[in-house]
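One letter stands for each residue in the lines below.
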Amino acid sequence: MNAEAAVLAGCGEIFAAPADAVAEMGVAPLQRSFEMLRVGLDQQLVRVEAMALARRPRPVRAQSVDETRAGAGQEAQVQRADTRRRGVQHVEPVPVRQQRADRIRLLGVLGEMYRNYDRTDDSVATYRQIEDLDSNTGPAVAGEVIESYRSGRQYTKAQQEAEAALRKFPDDPALHIRHATVLAEQGNVEPALAEVRKTLEARGPRELNLALAEIYDKGRKYDEMAKVLDAAEKASESKDDKSSIWFMRGAMLEKQKRYDQSEAEFRRVLEADPGNVSALNYLGYTYTIRGSRLQDAGRYLKRALQMKPDNGYIVDSWGWYLFSVGKVREAVTQLELAARLKPDEPTVLEHLGDAYVRTGFAERAMRLYAEAARLSEKDEDRQKLVAKLKAQYDNEG
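Residues numbered from 1 in each chain as written. Predicted model: local features only at pLDDT ≥ 70, side-chain atom pairs only at ≥ 80, totals over all residues. Heavy atoms only, no water.

For this particular structure, what's the right way to read helix 13 (residues 205-218)?
One full turn of an α-helix is made of 3.6 residues, so residues set three or four places apart face in the same direction. With 14 residues, helix 13 extends 20 Å from end C-alpha to end C-alpha; this agrees with the ideal 20 Å at 1.5 Å per step. Counted residue by residue, helix 13 has 10 buried out of 14 residues, so it is predominantly covered. Considered for burial, the residues of helix 13 that qualify are R206, L208, N209, L210, A211, L212, A213, I215, Y216 and D217. At its buried positions, helix 13 is contacted by helix 11 (173-185), helix 12 (189-200), helix 14 (222-234) and helix 15 (239-255). Looking one or two places after helix 13, you find R220, whose phi comes out positive at around 55°. (Helix = DSSP H or I, 4+ residues; strand = E, 2+ residues; numbered from the N terminus. Expected span 1.5 Å × (residues − 1). Buried < 20%, exposed > 50% of the residue type's maximum accessible area, 1.4 Å probe, protein only. Contact = heavy atoms within 4.5 Å.)

The following block contains the structure:
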């Protein structure tokens, strides 16, 4: 087995996500196991990094003078000469093109993994390598870089990237939507709405209203969001199209703590699509924080975790469910994994802090509360975390 085959085989033993990209590359994904995943996060990155390194395009070996004299490669030489005479552009050899395409796919997987593990700078650097390999990917790469900065809460850099990309690709609608989203996340809702309307006014009422709903959501303008979701639903024909709107409405209602109405929307989603992992997570987590229907909560969350064991939000929901039903030590294990997956998510850190308090690790809890307060965007959340931090400090004193 050569070095590259060994790398690919090793990756097949550990690589769990994203499954579609792995399948496309012909690498068997990992049998999804909670225990293996918990000890395998770093190995995933190392092995995918190794795959990306192994798939760097290699130069085609030049033929020696002896081979040429012996007649080897003579046909290729004649073809190249004929190509030059006819003025046809030289075509890159197929092996090099394939190597480049494989590396681009691997870099896309690696960039997404870095993003999911909150390694923003690594994610950005990885995506930029794709454009170096294929200049035609410029708009798509810019979009992924913007998304990585957004995911890492580096909104100023996300806006700068979006504005630079729009100077290069001013007619790209996807970049305009990303730019508008970044504006809304920084509180500039009205300019964001104007940009969305200008970009999508010819696309039809469903697409326009869904995009407006996303902007209203970022600006926490839920009354306006509800109206455009209603308009988008009226413009939807298939059950699949309506299902995505029910999900958005359910998430909106959950943020407003309108849990009964939120539950009804998520149930509609699951009736249409019983395997909708996001709806399973939302509904299971909602039951957990309300302390109701905990048996159903556990069933939904366990199913969601089986489908996406490397999703930090789902791992956190499962850990918080375990904590809520009194399985505190098991909860700590899961919540520690969630914090590794989502180290910049304040709710995840707060949950782990609460579990540490229950198990007697107050100093660890205080560090987590302080970090969660620093990361929180809402004043009410910061105040709650500061109160928890003060309570633990007083107890320790």
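After that view of the structure, there is still more to cover.
What's the story with the environment of K302 in this structure? I'm lost.
Mapped onto the fold, K302 is located in helix 18 (residues 294-307). The class of K302 is partly exposed, set by a relative accessible area of 41%. On a C-alpha basis, the gap between K302 and I314 in space is 9.1 Å, while along the polypeptide they are 12 residues apart.

Would you mind showing me how to read the packing of helix 12 against helix 13 here?
When two helices pack together, their arrangement is given by the angle between the helix axes and the distance between those axes. In contact at an axis separation of 10 Å, helix 12 and helix 13 are set at 165° when each is read in the N-to-C sense. The pairing of helix 12 with helix 13 is recorded here as roughly antiparallel in orientation. In this structure, helix 12 meets helix 13 at a crossing whose hand is right-handed. On helix 13, the residues that touch V189, A192, L193, V196, R197 and L200 of helix 12 are E207, L208, A211, L212, I215 and Y216. Taken together, the residues that form the contact of helix 12 with helix 13 break down as 10 nonpolar, no polar and two charged. (Axes fitted to C-alpha atoms, helices over the stretch in contact; angles between N-to-C directions. Parallel < 35°, antiparallel > 145°, perpendicular 65-115°, else oblique. Left-handed = near helix turned anticlockwise from the far one by under 90°. Nonpolar A, V, L, I, M, F, W, Y, C, P; charged D, E, K, R; others polar.)

Please explain the pattern of salt bridges as it appears in this structure.
Think of it this way: side chains of opposite charge can pair up when their charged atoms draw near. Overall, the coordinates contain 33 salt bridges when judged by the stated rule. Among the salt bridges present, the one from R249 reaches E265, with a minimum N-O distance of 3.3 Å. Taken together, the positions of R249 in helix 15 and E265 in helix 16 (residues 259-272) put the pair 16 residues apart, joining distant regions of the chain. Accessibility assignment for this pair places R249 and E265 in one class, buried. Residues joined in a network through salt bridges with shared partners are D260, E263, R267, R290, R293, D296 and R299. (Salt bridge = Lys/Arg side-chain N within 4 Å of Asp/Glu carboxyl O.)

I keep staring at the side chain of D354 and nothing clicks. Help me out?
One can find D354 in helix 21 (residues 346-358). For D354, a relative accessible area of 13% translates into the label buried. A polar atom in the side chain of D354 sits 2.4 Å from the side chain of Y369. The contacts of D354, once residues within four sequence positions are left out, are W320, F323, Y369 and K388. (Polar contact = N/O pair within 3.5 Å; in protein donor to acceptor, adjacent residues only side chain to side chain.)

I'm lost on the side chain of T288 in this one. Help?
One can find T288 in helix 17 (residues 277-290). We classify T288 as buried; its relative accessible area is 4%. Within the structure, the side chain of T288 is placed 2.8 Å from the backbone oxygen of G284, a separation counted as a polar contact. Discounting residues that sit within four places of it in the chain, T288 has contacts with L294, A297, L301, W320, Y321 and S324.

Teacher, can you tell me more about the packing of aromatic side chains here?
Ring pairs (aromatic) are described by centroid distance and by the angle formed between their planes. Enumeration according to the criterion identifies seven aromatic pairs in this entry. Ring plane angle 25° and centroid distance 6.3 Å describe the contact between Y287 and Y300, whose orientation is recorded as stacked. Of this pair, Y287 sits in helix 17 while Y300 sits in helix 18; the two residues are 13 residues apart in sequence, bridging distant segments of the chain. Ring geometry for W318 and Y321: centres 5.4 Å apart, planes at 25°, overall stacked. Remark: Y321 and W318 occur in helix 19 (residues 312-324); sequence separation between them is three residues, near one turn of the helix. By relative accessible area, W318 is classed as buried at 12%. Classification of Y321 as buried rests on a relative accessible area of 13%. (Phe/Tyr/Trp six-rings, centres within 6.5 Å; stacked < 30°, edge-to-face > 60°.)

Before we go on, may I ask you to explain unusual backbone geometry in this structure?
Glycine aside, negative phi is the norm for most residues, and most peptide bonds take the trans geometry. Phi at D118 is positive, roughly 60°, even though this residue is not glycine. Assignment of secondary structure puts D118 in the loop between helix 7 (94-116) and helix 8 (120-133). Here K257, not a glycine, exhibits a phi torsion of approximately 65°, which is positive. As for its position among the elements, K257 is in the loop between helix 15 and helix 16. Residue class for K257 comes out exposed when judged on its relative accessible area of 59%.

Would you mind going over the packing of helix 17 against helix 19 with me for this structure?
One can describe the packing of helix 17 onto helix 19 by two numbers: an axis separation of 10 Å at closest approach and a directional angle of 30°. It follows that helix 17 is roughly parallel to helix 19 by the angle criterion. Once helix 17 is placed against helix 19, the crossing between them reads as left-handed. Each of V277, N281, Y285, T288 and I289 in helix 17 lies in contact with helix 19, whose residues at this interface are Y313, I314, S317, W320, Y321 and S324. Of the residues in the contact of helix 17 with helix 19, the class split is seven nonpolar, four polar and no charged.

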